[in-house]
Amino acid sequence: AWSDSMRLTALPALADNYIWCLAGDDGAAVVVDPGDAAPVLAAVEAGLRPEAILLTHHHDDHIGGVSALQARFPGIRVIAPHEPRIPMATERVADGEHVQAVGRRFHVVSVPGHTLSHVAFHTDEHLFSGDALFSLGCGRLFEGTPSQLLASLHKLASLPPHLLLCCAHEYTVSNAVFARHVDPANAALRQRHEEALAMRRDDRSTLPVLLADELQSNPFLRTHTAPIRAAVSAYLGREITDDVDVMAGLRHWKDGFRA
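Here we summarise the structure given alongside this text.

Rules used in this analysis
- Residues numbered from 1 in each chain as written.
- Predicted model: local features only at pLDDT ≥ 70, side-chain atom pairs only at ≥ 80, totals over all residues.
- Heavy atoms only, no water.
- Helix = DSSP H or I, 4+ residues; strand = E, 2+ residues; numbered from the N terminus.
- Rg over C-alpha atoms; globule rule 2.2 N^0.38 Å.
- Buried < 20%, exposed > 50% of the residue type's maximum accessible area, 1.4 Å probe, protein only.
- Contact = heavy atoms within 4.5 Å.
- Areas by Shrake-Rupley, 256 points an atom, 1.4 Å probe, with all protein chains shown as cover.
- Lys, Arg positive; Asp, Glu negative; His and termini not counted.
- Charge placed at Lys NZ, Arg CZ, Asp CG, Glu CD.
- Polar contact = N/O pair within 3.5 Å; in protein donor to acceptor, adjacent residues only side chain to side chain.
- Pairing = 2+ DSSP bridges.
- Expected span 1.5 Å × (residues − 1).
- Arc of directions from axis to C-beta.
- Axes fitted to C-alpha atoms, helices over the stretch in contact; angles between N-to-C directions.
- Parallel < 35°, antiparallel > 145°, perpendicular 65-115°, else oblique.
- Left-handed = near helix turned anticlockwise from the far one by under 90°.
- Core = buried A, V, L, I, M, F, W, Y, C linked by side-chain atoms within 4.5 Å.

### Re the overall build of the chain
Broken down by element type, the chain carries 10 helices and 14 strands. Computed over C-alpha atoms, the radius of gyration of the chain comes to 18 Å, within 12% of the 18 Å expected from 2.2 N^0.38 for 259 residues, which places it in the range of a compact globule. Dimensions along the principal axes, computed over C-alpha positions, put the chain at roughly 55 × 40 × 35 Å. A burial count over the chain gives 53% of its 259 residues as buried. Of the contacts formed within the chain by residues at least 6 apart in sequence, a portion of 57% connects residues at least 24 apart. As displayed, the chain offers around 10,900 Å² of accessible surface, 53% of which is attributable to carbon and sulfur atoms. A distance of 3 Å separates the average location of the 22 positive side-chain charges in the chain from that of its 31 negative side-chain charges.

Below is the structure:
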């Protein structure tokens, strides 16, 4: 069966990026957010055969390697959101659409916030979230509003909890320090932090992680809960008005946070 023969690999790139590759037994692969071509080309030497590239957003640490891969694999599909800052795309996708590649269906979810045109892709097993959702955190609001961020994270939180979250950066440990500052009594969060520390000590990736685990431990997916609301209210020094207020306060808090 297809599901048995697909291999998921996270290729470390740049300072702390991951380039995700989903490959079949024959090496045919989808490559997600190749900010640097070198790790992908090294994997090609080991048998990887990129057939399509998925791009979540326009930042250079996500698209910087695409041109070199197009030169190496003429005609390779490059699937991206409607975004003029991604000029090398060969196909454009929008919210609610899907694309087929390596025998898999990739559903497109629009998740504005970090950038306005950011999308995530998910199969029946994996969620490639780019910088929209991290383990125990989320991407900074460079272009969007707290209201957009709340809606985007709500969309991702509503996906099947068995999905494996494959985000684009190894930020779990630093995110955990902030998350525990906000939500110190959360046992699931404490366990995730301890596991992540152990993984990093062994130089292992903290990803992928079950979306179900994130729902229990990621403060940005828990802005509706009493502990997060109380913590943000205390941080702001006033009563919370609504969920957008919580998200705005939490993101502002994280932006200025130093452990």
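There's more to say after this.
### Digging into the side chain of histidine 57
Mapped onto the secondary structure, histidine 57 falls in the loop between β4 (49-54) and α3 (60-63). Only 2.9 Å separates the side chain of histidine 57 from the side chain of threonine 56, close enough to count as a polar contact. At 3.4 Å, the side chain of histidine 57 forms a polar contact with the side chain of aspartate 131.

### Brief notes about the sheet that holds strand β13 (residues 164-167)
Taken in spatial order, the six strands of this open sheet run β7-β8-β9-β10-β13-β14, and their pairing is mixed. For this open sheet the edge positions go to β7 (98-101) and β14 (209-210), each flanked by a neighbour on one side alone. Note that β7 and strand β8 (residues 104-110) share four bridges and pair antiparallel. Directly across from glutamine 100, in β8, lies its bridge partner arginine 105.

### Overview of the environment of proline 146
Among the secondary structure elements, proline 146 is positioned in helix α5 (residues 146-157). Taking the C-alpha atoms as reference points, proline 146 and methionine 247, 101 residues apart in sequence, are found 6.1 Å from one another. Among all residues touching proline 146, those that are not within four sequence positions of it are Leu141, Val244, Met247 and Ala248.

### Remarks on α5
Over its 12 residues, α5 runs 16 Å from end to end, which matches the ideal 16 Å to within 8%, given 1.5 Å per residue. Those residues of α5 that sit buried are Leu149, Leu150, Ser152, Leu153 and Leu156. Taken around the axis of α5, the buried residues stretch over an arc of 170 degrees, which confines them to a single face.

### A closer look at unusual backbone geometry
Cis geometry is adopted by the peptide bond preceding proline 208, which originates at leucine 207 and carries an omega value of 0 degrees. Of note in the backbone geometry, aspartate 33 takes a positive phi value of approximately 55 degrees without being a glycine. As for its placement among the helices and strands, aspartate 33 is situated in the loop between β3 (28-32) and α2 (37-45).

### Looking at the packing of helix α6 (residues 172-182) against helix α7 (residues 187-201)
Direction vectors running N to C along α6 and α7 enclose 155 degrees, while the axes themselves pass 9 Å from each other. Classed by the angle they form, the pair α6 and α7 counts as roughly antiparallel. Like other packed secondary-structure pairs, α6 and α7 cross with a definite hand, here left-handed. Taking contact as the criterion, the partners of Thr172, Val173, Ala176, Val177, Ala179 and Arg180 in α6 are, on α7, Leu189, Arg190, Arg192, His193, Ala196, Leu197 and Arg200.

### What to know about the nonpolar core
Core analysis: the biggest nonpolar cluster contains 52 residues, and Phe106, Phe121, Leu153 and Leu156 have the highest contact counts within it. Not counting the four nearest positions on each side in its chain, phenylalanine 106 is found in contact with Leu22, Val30, Leu54, Glu97, His98, Val99, Ala101, Phe121, His122, Thr123 and Phe128.

### Some points on the pairing of strand β10 (residues 126-130)
By the criterion of burial, β10 is predominantly enclosed, with five of the five residues buried. Covered by surrounding structure in β10 are His126, Phe128 and Gly130 together with Leu127 and Ser129, the residues of both alternating faces. By the bridge criterion, two bridges tie strand β9 (residues 119-122) to β10 in an arrangement that is antiparallel. Residue pairing for β10: histidine 122 is matched across the bridge by leucine 127. Between β9 and β10, which follow one another and run antiparallel, lie three residues. Here four bridges tie β10 to β13, and the two strands are oriented parallel to one another. Pairing of glycine 130 across the sheet is with cysteine 167, part of β13.

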